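# Reading the structure
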Amino acid sequence: MFLKLRIVFTILAAASIAVILPVGALWGWGWAGCCGLVAALFFGLMLLCKQKQEELDPQTQDVEPLLTPDSDHVRNVDTNESNSEKDA
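Residues numbered from 1 in each chain as written. Predicted model: local features only at pLDDT ≥ 70, side-chain atom pairs only at ≥ 80, totals over all residues. Heavy atoms only, no water.

A word on the packing of helix α1 (residues 2-18) against helix α3 (residues 29-56). Packed helices, taken two at a time, are described by their axes: the angle between them and the distance between them. Contact geometry for α1 and α3: axes closest at 8 Å, N-to-C directions at 160°. With respect to their mutual orientation, α1 and α3 come out roughly antiparallel. Between α1 and α3 lies a crossing of left-handed hand. Here F2, L3, L5, R6, F9, T10, L12, A13, S16 and I17 of α1 lie close against α3, whose contacting residues are C35, V38, A39, F42, F43, L45, M46, C49, K50, K52, Q53 and L56. By residue class, the composition of the contact of α1 with α3 is 16 nonpolar, three polar and three charged. (Axes fitted to C-alpha atoms, helices over the stretch in contact; angles between N-to-C directions. Helix = DSSP H or I, 4+ residues; strand = E, 2+ residues; numbered from the N terminus. Parallel < 35°, antiparallel > 145°, perpendicular 65-115°, else oblique. Left-handed = near helix turned anticlockwise from the far one by under 90°. Contact = heavy atoms within 4.5 Å. Nonpolar A, V, L, I, M, F, W, Y, C, P; charged D, E, K, R; others polar.)

Have a look at this one:
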């Protein structure tokens, strides 16, 4: 549910930003400022939905990073760098 709301709020925020210049040119810059405030409101609602979705979804909290300092890939890169320094 929160994912769908995030998508809707993102689209509405983008549409509000897109109409700022045309509204300002046609009806006045005060109305364009209102469009900017509406875009900020939709952006804030999108962030609120994102926060709620992350609180409810336990899978996103326990994700481990792909590269850690203890992983084999990082150790291989370190040994390759030290070998190239010895050659120089």
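Further remarks concern a nonpolar patch on the surface. A cluster of nonpolar side chains, L3, I7 and I11, forms an exposed patch at the surface whose accessible area comes to about 290 Å². Looking at the element boundaries, I7 is found in helix α1. (Patch = residues over 30% accessible without salt bridge, like charges linked within 9 Å, V, L, I, M, F, W, Y side chains within 5 Å. Areas by Shrake-Rupley, 256 points an atom, 1.4 Å probe, with all protein chains shown as cover. Salt bridge = Lys/Arg side-chain N within 4 Å of Asp/Glu carboxyl O.)

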